[in-house]
Amino acid sequence: MNASELLSYPFMQRALLAALFTGLAAPAIGTYLVQRRLALMGDGIGHVAVTGVALGLVTGWSPTWTAVVVAVLGAVLIEVIRERGHTNGDVALALLFYGGLAGGVLVTGLGGQSAAQLQQYLFGSITTISAGDVIVTMVLAALVILVCVGLAPQLFAVAQDPEFARVAGLKVRVYNVLVAVLAAVSVTVAMRTVGLLLVSALMVVPVATSQQLSRTFRATLVSAMALGCLASVGGLTISAFASYHATVAPGPTIVLLSLAGFVVTWPIGAWLRHRARLHAPFADEPVGHDVTDTHPHDHGPACGHVAVPHDDHVDYVHDGHRHAPHGAHYDEH
Amino acid sequence: MPVAPVHLRDGAVAIGGRPVLRGIDLTVPAGEFLALLGPNGSGKSTLVRALTGLRPLARGELTLFGTPFERFGEWHRIGFVPQRSGAASGVPASVREVVTSGRLTRRRLLRPLGATDRRAIDDAIELVGLTDRARDGVSTLSGGQQQRVLIARALAGDPELFFLDEPTAGVDLPQQQVLADTLRALKDRGSTIVLVAHELGPLAPLVERSIVMRDGRIVYDGAPLAEDDVLGQHHHDHLAADQRGDHAPLVRSPLEGGGR
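Nothing here was measured: the structure is a model prediction, and the numbers come from that model. (Residues numbered from 1 in each chain as written. Chains lettered and ligands numbered in written order. Predicted model: local features only at pLDDT ≥ 70, side-chain atom pairs only at ≥ 80, totals over all residues. Heavy atoms only, no water.)

Visitor: Explanation requested: the domain arrangement of chain A in the structure shown.
Guide: Buried accessible area, meaning the area lost when the parts come together, often serves as the stated size of an interface. Taken domain by domain, chain A consists of domain 1 (3–200) and domain 2 (288–333). Here the C-alpha centre of domain 2 of chain A lies 56 Å away from the C-alpha centre of domain 1 of chain A. (Domains from an automatic or database assignment.)

Visitor: I keep staring at the packing of aromatic side chains and nothing clicks. Help me out?
Guide: Given two aromatic rings, their pairing is described by the distance between the two centres and the angle made by the two planes. Counted under the stated rule, the structure contains 7 aromatic pairs over all chains. Both rings, one in Phe97(A) and one in Tyr98(A), keep their centres 6.1 Å apart while their planes meet at 70°; by these two values the pair is edge-to-face. Take Tyr98(A): its relative accessible area is 59%, and that puts it in the exposed class. Both rings, one in Phe69(B) and one in Trp75(B), keep their centres 6.0 Å apart while their planes meet at 80°; by these two values the pair is edge-to-face. Phe69(B) gets classed as partly exposed once you look at its relative accessible area, which sits at 21%. The class of Trp75(B) is buried, set by a relative accessible area of 15%. In this structure an aromatic cluster arises from ring pairing among Phe65(B), Phe69(B), Phe72(B) and Trp75(B). Across the ring face of Phe65(B), the terminal group of Arg77(B) is positioned such that the distance to the ring centre comes to 4.0 Å. A cation over an aromatic ring shows up here: Arg153(B) above the ring of Phe164(A), its NZ or CZ 3.8 Å from the ring centre. (Phe/Tyr/Trp six-rings, centres within 6.5 Å; stacked < 30°, edge-to-face > 60°. Buried < 20%, exposed > 50% of the residue type's maximum accessible area, 1.4 Å probe, protein only. Lys NZ or Arg CZ within 6 Å of the ring centre and 35° of its normal.)

Visitor: Would you mind showing me how to read the state of the cysteines here?
Guide: Residues and elements named next belong to chain A. This structure, assessed with the given rule, holds 0 disulfides over all chains. With no disulfide partner, Cys148 has as its closest neighbouring cysteine sulfur the one in Cys229, 15 Å distant. Judged by its relative accessible area of 0%, Cys148 is buried. (Disulfide = S-S within 2.5 Å.)

Visitor: Help me out: how do you make sense of helix H1 (residues 44–51) of chain B in this one?
Guide: Since the α-helix packs 3.6 residues into each turn, any two residues three or four apart lie on the same face. Burial runs high along H1(B): 7 of the 8 residues are buried. In the segment just after H1(B), Gly53(B) is the residue with positive phi, at about 85°. (Helix = DSSP H or I, 4+ residues; strand = E, 2+ residues; numbered from the N terminus.)

Visitor: How should I be thinking about the pairing of strand S4 (residues 59–64) of chain B in this particular structure?
Guide: Where a strand is regular, its side chains alternate between the two sheet faces. All names here are of chain B. As paired elements, strand S1 (residues 6–15) and S4 share 5 bridges and run antiparallel to each other. Within the sheet, the bridge partner assigned to Leu8 lies in S4 and is Leu62. Sheet topology note: the S4/strand S5 (residues 67–68) ladder contains 2 bridges and is antiparallel. Bridge pairing in S5 links Thr63 to Pro68. Turn length for the S4-S5 hairpin, with the two strands adjacent in sequence and antiparallel, is 2 residues, and the turn residue Phe65 shows positive phi of about 50°. (Pairing = 2+ DSSP bridges.)

Visitor: I keep staring at the interface of chain A and chain B and nothing clicks. Help me out?
Guide: Counting residues at the interface gives 28 residues for chain A and 29 residues for chain B. Carbon and sulfur atoms supply 61% of the area buried between chain A and chain B, which totals about 2500 Å² over both sides. It is Phe164(A), Val167(A) and Arg215(A) that lose the most area in chain A upon contact with chain B, and together they represent 28% of the buried surface on that side. Run the count over chain A and chain B and you get 3 salt bridges. The shortest N-O distance in the salt bridge between Glu163(A) and Arg49(B) comes to 2.8 Å. Contributing elements (two or more residues each) for the side of chain A that touches chain B: helix H2 (10–35), helix H8 (152–160), helix H9 (162–167) and helix H12 (217–242) of chain A. Residue contributions to the side of chain A that touches chain B peak at 5 residues, all from H8(A). Taken together, the residues of the side of chain A that touches chain B sort by class into 12 nonpolar, 10 polar and 6 charged. (Contact = heavy atoms within 4.5 Å. Buried area = accessible area lost by both parts, 1.4 Å probe. Salt bridge = Lys/Arg side-chain N within 4 Å of Asp/Glu carboxyl O. Nonpolar A, V, L, I, M, F, W, Y, C, P; charged D, E, K, R; others polar.)

The following block contains the structure:
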């Protein structure tokens, strides 16, 4: 079994296309959710969408479209509660989590549908996706990506500081609802790839990974999209090859691969932040003139001690001291 | 006589049905440097929020640059510097990115930054003295530097009227001096500045007119007060005896207030 053979299967081609588009769209909107500290919003919408899928299964309409409609309604509701309610956003999210999931399971049972069918949507079933569904996925994902990139200056400003954005004349409420709707659309797009219960991972984990190393918003957005793409296409490929030896579901593989990326980058990010903190310049004024005792060591650029800029000179930090060269001796700063 | 950038007549603001500001009459002529002073809870920040439209007026008429607020759309003429919030956003953003968002008042939808926009952004960053930190993440800057980023963001849209809400809060004394120099540069350009402050510190020499608020009303409007007067330690014609003590605007010694 090699790659070209795998690619020759039409179901695999469809799955790879869906994974590629989902992997790009979910982190794009996820970046704005993380920026607003609404990382769990995707989860809340995902749970609400369960009711939408159940309605589709019971009525015989396309579960994708009923999920889109219910998810958009749920997302707008979350946004309204958040804006109006003055209650914490997390309580609003929790209410929708449980209501959506319970409603979905109840409706599925009432309609006489098996739980197995619902499970396709809960945990994804990317390899059974139909040609029509792939096209819907690609169109919706492209829409999300275009808006997230095209309106990036406005969406960034509104999420960064909503009050400033309002005084700058931006329609903050319109942009907030737009983000909620885009999040709902991404959830339903990613539903077939990783499943409703894991969808938030694809929106949030690539962002968490990319911001370990990035300093700017643009770099975070772009690298999160690249990482999401890598995880979804890579996870799908791994699970396809592994399926010859064991039952390996694509959805969880994608999420775990994405998490593995975070586990690898986090120590690097933590080390970089620690180093930046050590080398941050000292701003305080030296108090008096405090000469060190006899100092056997000559500090210099190559001495290995942490060198920190301090006004017009450099302090060398070691053993709880800050030593500043002063003529032939060192001052305690 | 040019039209006054800010004119509010008989303004009142209610929050949750309870009146917070009452009977506010305020006109800010072009080019003035106005300080809104008062203790915590006196309504000075609420007044600025009402003047920028962030708080709806329960009654009264507000005109900005001669246009009634309901019809006002020239947001590029206003630069708002909000109180620096403690919590940074969830995703890193560079100084330049934050300042660039201030240029949105003059940009059309879906258009990339033009040469004029870039120059305005560079100039704004340079004026606040952060050119060498432009690529750094905002969260890595000190409190005073972050405050200067917010001023640069307002500046990027080339506004004529600035609202600053407590720019010196939590900023150490040397950085307050840098802020004062920045605001002096704005003043010298002829900008109109409305500044909310708990303590003026190094900003005091810039102020041309002081308004002192207490319990949602204006209790003093006139020439800048010496710090002792605002403290209420001396009897003053404009400040009745009962306005001193607990309720008097507190301007602490800058040396005590500056430490972090």
